[in-house]
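Observations on the three-dimensional arrangement
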4 protein chains.
Amino acid sequence: MEENQQLAASVVQHMMQEDRFSQWLGIEVLEVSVGYSKITMTIRPEMVNGFGIIHGGIAFSLADSAFAFACNNRNNLSVALDTAIQFTKPVHVGDVLVAEANEIHSGRSTGLYHIFIKNQSEETVAVFKGTCFRTGKTLI
Amino acid sequence: MEENQQLAASVVQHMMQEDRFSQWLGIEVLEVSVGYSKITMTIRPEMVNGFGIIHGGIAFSLADSAFAFACNNRNNLSVALDTAIQFTKPVHVGDVLVAEANEIHSGRSTGLYHIFIKNQSEETVAVFKGTCFRTGKTLI
Amino acid sequence: MEENQQLAASVVQHMMQEDRFSQWLGIEVLEVSVGYSKITMTIRPEMVNGFGIIHGGIAFSLADSAFAFACNNRNNLSVALDTAIQFTKPVHVGDVLVAEANEIHSGRSTGLYHIFIKNQSEETVAVFKGTCFRTGKTLI
Amino acid sequence: MEENQQLAASVVQHMMQEDRFSQWLGIEVLEVSVGYSKITMTIRPEMVNGFGIIHGGIAFSLADSAFAFACNNRNNLSVALDTAIQFTKPVHVGDVLVAEANEIHSGRSTGLYHIFIKNQSEETVAVFKGTCFRTGKTLI
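Now for a quick tour of the structure. Residue numbers run consecutively from 1 along every chain, following the written order of its sequence. In the order they appear in the text, chains get letters beginning with A and ligands get numbers beginning with 1. Per-residue local features of the predicted model are confined to residues with pLDDT of at least 70, and side-chain atom pairs are confined, for both listing and counting, to 80 or more; whole-chain, interface and lining totals are unaffected and use all residues.

**So, the overall build of chain A**
Summing up its helical and strand segments, chain A has three helices and six strands in all. Taken from the N to the C terminus, the helices and strands of chain A come in the order α-α-β-β-α-β-β-β-β. Its C-alpha radius of gyration of 15 Å places chain A within 12% of the 14 Å reference for a compact globule of 140 residues. Over its C-alpha atoms, taken along the principal directions, chain A stretches across nearly 45 × 25 × 25 Å. The buried share among the 140 residues of chain A stands at 50%. In this description, any two residues whose backbone-derived C-beta atoms lie within 7 Å of each other are considered to be in contact. Contacts in chain A between residues at least 24 apart in sequence constitute 69% of all its contacts with a sequence separation of at least 6. Where helices and strands are cited, they refer to DSSP runs of H or I of at least four residues and of E of at least two residues respectively, numbered from the N terminus. Two things to know: the radius of gyration comes from C-alpha atoms, and the globule rule equals 2.2 Å times the number of residues to the power 0.38. As a rule, residues whose C-beta atom has 12 or fewer other C-beta atoms within 10 Å are exposed, those with 20 or more are buried, and those in between are partly exposed; C-beta atoms are placed from the backbone.

Below, the structure written as structure tokens:
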């Protein structure tokens, strides 16, 4: 059990090191356990769209990273097949977002994860669902 | 008719001018008409994830911009409610992506759009669906 | 508060009376509160597909009814815009399913609901998401 | 090629024979080819919801059957993983619906299909997306 948690943390650390876009986003990993991750980022001016609120792609990217960190951390290389996001509240420059990924289902070949994104006032700003395919390859 | 097309082009030009994240992505607008848009971008090294292929958020962001340019260009301010993307092929640094947004349904209060993303070999790399809510406000 | 709960129950009772397909499915309402519903049904032989397990449409229909009962019960007529379901476990004839709808977001014009369907062993067999549009009309 | 088409038709015929819910719906198969299907049904009074229009589960079920007939007809048993449907127009008793399933992507382990449902006036009433997992088992 303890070993699995350490493996999960090591896998995510390895993924994050090479993940240049998550680095650009300024993502920090807050917590990792088997099938779970919690990450954070702060919204910068270059992340806004034509309406002065954050581009939908930024919230998606944060959730997608949380999804990747959760679904890969059994050291079973998993690829995103089918993802969706609903936007429930606008996000502004300076907001601090936290994305938390929970495992809804983990099968041999596929997995399903829900990610909720909240702002610094604990308001849900977006809800993400990810279905992944497990390749059976290792990451580390 | 001609007027509507000019309005559509003007709205997208206005949106793009303020859209700092689409600018960071290097998005160029290829074509706009009422309820339609076609845009392109080239994948750079800072867009990859921990597996050396592009982060899912990059493909999503491209599609989401195409969606925004298509669903807003009647000059009826529309917000993304519910979006989804399926990934069908990995994308690599140097790939040139084109996203084309077509209107499936345009109602008074909501709209539905399909966006296909293809690479330079005309292969579909991702398929996006966007449902928007129309606020009734103007953009320009 | 108490009044809102009674209104919610009355709206669902009204909806169920006229809902011939939910009647065919054998749906029973277990619990209703504002923005929430919990319903059940038992799988019959005429609900299976060509593989001898239940047709995906049956699980979807159960979830969609739970969604409708939850998102309409403020007596604000709401229509399903965009729904999705992931299937995590096969369902067989004789299984007793329970669908529970929770409100993730309730805005003036739209709402977002998650519905989990579990079998008699408390295993999650499907997960549903529904986005609705609120018309502002009353039901009763 | 001709052989593949015959196999596709045989697989769907086999699936339809055992598919008691599709039979209840009154589904008729109009056309089948590799990765493709086109089916029809007529809306009956027992298919309506509490608002007097068809229950969302009926349109979903029709699309889901078209999806199953398209994604299984290479004789590679495939299960629905992740599906979604958007509703663009109400459907009434007596309407005749046609669902057409097209293959967007066919990979070794997964597939992606779009299904459009139209009514007798050629209006799109719903749009469905299905992601399946291929088990590698045969159906016939």
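**Examining the interface of chain C and chain B**
Of the residues lining the interface, six residues belong to chain C; the matching set on chain B comes to six residues. Elements supplying a minimum of two residues to the side of chain C that touches chain B: strand E3 (78-87) and strand E6 (124-134) of chain C. A breakdown of the residues in the side of chain C that touches chain B according to their chemical character gives two nonpolar, three polar and one charged. Under this grouping Gly is polar, as are all residues other than the nonpolar Ala, Val, Leu, Ile, Met, Phe, Trp, Tyr, Cys and Pro and the charged Asp, Glu, Lys and Arg.

**What about the environment of alanine 8 of chain D?**
All names here are of chain D. Note on placement: alanine 8 falls in helix H1 (residues 2-18). Placed 62 residues apart in sequence, alanine 8 and alanine 70 show a C-alpha to C-alpha distance of 8.4 Å. Dropping the residues within four chain positions of it, alanine 8 is found in contact with Val32, Ser33, Val34 and Asn73.

**Focus on the relation of the copies chain A and chain B**
Overlay of chain A on chain B (RMSD 0.0 Å): rotation 180°, translation along the axis 0.0 Å. With respect to symmetry, the two chain copies, as superposed, fit the operation of a two-fold axis. Taking C-alpha positions as the reference, the residue of chain A nearest the rotation axis is alanine 84 of chain A, at 1.9 Å. Comparing interface residues between copies, 100% of those in chain A also sit at the interface in chain B, which points to an isologous, same-surface contact. Fitting of the copies onto one another was done by least squares over C-alpha atoms, counting residues only where both copies have pLDDT of at least 70.

**Some thoughts on the sheet that holds strand E5 (residues 110-118) of chain C**
A pair of strands is considered paired only if DSSP assigns at least 2 bridges between the two. With antiparallel pairing, the twelve strands of this open sheet are ordered in space as E1(C)-E2(C)-E4(C)-E5(C)-E6(C)-E3(C)-E3(D)-E6(D)-E5(D)-E4(D)-E2(D)-E1(D). Each edge of the open sheet is held by one strand with a lone partner, namely strand E1 (28-33) of chain C together with strand E1 (28-33) of chain D. Between one strand axis and the next, the sheet turns by 15° as a mean value, whatever way the strands run. Every axis corresponds to a line fitted to the C-alpha atoms, with the helix fit spanning only the stretch in contact, and the corresponding angles, defined between N-to-C directions, vary from 0 to 180 degrees. Contacts from H1 of chain D reach E1 and strand E2 (36-42) of chain D, with the element oriented near 150° to E1 of chain D.

**Observations concerning the interface of chain A and chain B**
One frequent convention defines the size of an interface as the accessible area lost when the parts assemble. Contacts between chain A and chain B engage 31 residues on the former and 31 residues on the latter. Looking at the side of chain A that touches chain B, the elements with two or more residues in it are helix H1 (2-18), helix H2 (20-25), helix H3 (56-71) and strand E3 (78-87) of chain A. Considering every element that reaches the side of chain A that touches chain B, the biggest residue donor is E3 of chain A, with eight residues. Of the residues belonging to the side of chain A that touches chain B, the class tally is 15 nonpolar, ten polar and six charged. Relative to strand E3 (residues 78-87) of chain B, E3 of chain A is paired through five bridges, and the arrangement is antiparallel. Bridging across to E3 of chain B, aspartate 82 of chain A finds its partner in glutamine 86 of chain B.

**Some thoughts on the sheet that holds strand E2 (residues 36-42) of chain A**
If you walk across this open sheet you meet the twelve strands as E1(A)-E2(A)-E4(A)-E5(A)-E6(A)-E3(A)-E3(B)-E6(B)-E5(B)-E4(B)-E2(B)-E1(B), and the pairing is antiparallel. Because the sheet does not close on itself, it has two edges, and the strands there are strand E1 (28-33) of chain A together with strand E1 (28-33) of chain B. In this sheet, neighbouring strand axes are inclined to one another by 15° on average, regardless of whether the strands run parallel or antiparallel. Two elements, E1 of chain A and E2 of chain A, share five bridges in a ladder whose sense is antiparallel. Pairing of valine 32 of chain A across the sheet is with serine 37 of chain A, part of E2 of chain A.

**Brief notes about the relation of the copies chain C and chain B**
Superposing chain C onto chain B takes a rotation of 180° combined with a translation of 0.0 Å along the rotation axis, leaving an RMSD of 0.0 Å. Of the residues that chain C buries at the interface, 100% are likewise interface residues in chain B, meaning the two copies contact each other through the same surface.

**Details of the packing of H3 of chain A against helix H3 (residues 56-71) of chain B**
Where H3 of chain A contacts H3 of chain B, the axes come no closer than 8 Å and their chain directions differ by 155°. As far as their axial angle goes, H3 of chain B and H3 of chain A are roughly antiparallel. Here H3 of chain A and H3 of chain B pass one another in a crossing that is right-handed. In this structure, H3 of chain A contributes Gly56, Gly57, Phe60, Ser61 and Asp64 of chain A to the contact, and H3 of chain B contributes Gly56, Gly57, Phe60, Ser61 and Asp64 of chain B. A per-class count over the contact of H3 of chain A with H3 of chain B returns two nonpolar, six polar and two charged. To sort the angles, those under 35 degrees are grouped as roughly parallel, those over 145 as roughly antiparallel, those from 65 to 115 as roughly perpendicular, and the leftovers as oblique. Throughout, a crossing is termed right-handed when the near helix is turned clockwise from the far one, and left-handed when it is turned anticlockwise from it by less than a right angle.

**Here's the deal with helix H3 (residues 56-71) of chain D**
Any helix carries an expected span of 1.5 Å times its number of residues minus one. With 16 residues, H3 of chain D extends 22 Å from end C-alpha to end C-alpha; this agrees with the ideal 22 Å at 1.5 Å per step. Burial within H3 of chain D is extensive, with 16 of its 16 residues counted as buried.

**Quick look at the pairing of E3 of chain A**
Residues and elements named next belong to chain A. With respect to burial, E3 is a largely interior element, nine of its ten residues being buried. Sheet topology note: the E3/strand E6 (residues 124-134) ladder contains nine bridges and is antiparallel. Bridge pairing links serine 78 to arginine 134 in E6.

**Concerning unusual backbone geometry**
Residues and elements named next belong to chain D. Look at asparagine 75: it is not a glycine, yet its phi comes out positive at around 65°. Within the secondary structure, asparagine 75 sits in the loop between H3 and strand E3 (78-87). In the Ramachandran plot, glutamate 122 falls in the positive-phi region, its phi being about 65° despite a non-glycine side chain. As for its placement among the helices and strands, glutamate 122 is situated in the loop between strand E5 (110-118) and strand E6 (124-134). Given 7 C-beta atoms within a 10 Å radius, glutamate 122 is considered exposed.

Read these as geometric descriptors, not functional statements.
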